[in-house]
Amino acid sequence: MLQLDRVQKTYTYKKQQIYALRQVTLQLDRGSFVAVCGPSGCGKSTMLFAAGGLLRPDDGVVKIDETNLYAISAEKRAQYRAAEIGFVFQSFNLMPVLTAFENVELPLLLTSLSKEERARKVYSLLEKVGLSDYLKHKPDELSGGQRQRVSIARALVHEPKLVLADEPTANLDQQTGETIMDLLQKMNT
């Protein structure tokens, strides 16, 4: 399902080339549930962003199913991401002017679902992540852990074929983190 073939990404810092990714090759089958571990700064986020079509690698191929993400236009890649990939960002990337409900509903606005169907899906996921009492709260009215759970619900609401999560439980207490990991595993199954 996800294939990275000799993916490379470098950055220039003070005239020096820094390798964020050096010839990374990876193949994950549909239904895989994988954690990528390593020290801070080793390229985990860079790899996720490249795998999800957000960061063009300098070299190599990134495919999801048979779609070569960087062989299609930026517009087609954005449409593909919106339909097929769910992202959980380390920094949440929530829209500050939208409520928790609206942030989770956002990916569904690009679909043909009715308002009622969208509401049902959003309510269901916010309930599953323990935020049914916070539907009308904006991100600055939520704790870091609550924002992370909104971000997770937003990533899952359109039932993507691939979910990429950058430290999805980093801002959560142990019990909530375990609940979220259980939810991600159930959704994967």
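A. Inspection of the packing of aromatic side chains at higher detail. Inspection of the entire model under this criterion finds three aromatic pairs. Considering the side-chain rings of Phe49 and Phe89, the 6.1 Å spacing of their centres and the 50° angle between planes classify their relative orientation as tilted. Here Phe49, found in helix α1 (residues 44-51), pairs with Phe89, found in the loop between β5 (85-88) and α3 (100-105); they are 40 residues apart in sequence, far enough to count as distant. For Phe49, a relative accessible area of 25% gives the class partly exposed. Using a relative accessible area of 16% as the deciding quantity, one classes Phe89 as buried. Measuring from ring centre to ring centre gives 5.3 Å for Phe87 and Phe89, while their planes differ by 15°; the resulting arrangement is stacked. An aromatic cluster of three or more residues is present, and its members are Phe49, Phe87 and Phe89. Between the NZ or CZ atom of Arg22 and the centre of the ring of Tyr19, over which it lies, the distance is 3.8 Å.

B. Molecular detail of the nonpolar core. Ranked by size, the top nonpolar core spans 25 residues in total, and within it Val104, Val122, Leu126, Val129 and Val150 carry the most contacts. Listing elements by their share of this core, those giving two or more residues are α3, α4 (115-128), α5 (144-156) and α6 (174-188). In terms of residues, this core owes the most to one element, α5, which gives five residues. If sequence neighbours within four positions are ignored, Val104 has contacts with Val122, Leu126, Val150, Ala153, Arg154 and Val157. Ranked by size, the runner-up nonpolar core spans 21 residues in total, among them Leu21, Ala50, Val62 and Leu162.

C. Broad picture of the confidence of the model for the protein. With 99% of its residues at a pLDDT of at least 70, the protein reaches an overall mean of 90. Within the protein, the element-level pLDDT minimum falls on α6, averaging 80, and the maximum on α3, averaging 96.

D. Spatial organisation of the sheet that holds strand β1 (residues 2-13). Pairing is antiparallel in the open sheet, where four strands are placed in the order β2-β1-β3-β4. The sheet is open, and its two borders are formed by β2 (16-28) and β4 (67-68), each paired with just one other strand. Judged from the nine bridges that link them, β1 and β2 form a sheet pairing that is antiparallel. Bridge pairing links Leu2 to Leu28 in β2. Against the sheet, α1 touches β1, β2 and β3 (59-64), its axis set at about 60° to β2.

Conventions we followed
Residues numbered from 1 in each chain as written. Predicted model: local features only at pLDDT ≥ 70, side-chain atom pairs only at ≥ 80, totals over all residues. Heavy atoms only, no water. Phe/Tyr/Trp six-rings, centres within 6.5 Å; stacked < 30°, edge-to-face > 60°. Helix = DSSP H or I, 4+ residues; strand = E, 2+ residues; numbered from the N terminus. Buried < 20%, exposed > 50% of the residue type's maximum accessible area, 1.4 Å probe, protein only. Lys NZ or Arg CZ within 6 Å of the ring centre and 35° of its normal. Core = buried A, V, L, I, M, F, W, Y, C linked by side-chain atoms within 4.5 Å. Contact = heavy atoms within 4.5 Å. pLDDT = per-residue confidence, 0-100. Pairing = 2+ DSSP bridges. Axes fitted to C-alpha atoms, helices over the stretch in contact; angles between N-to-C directions.

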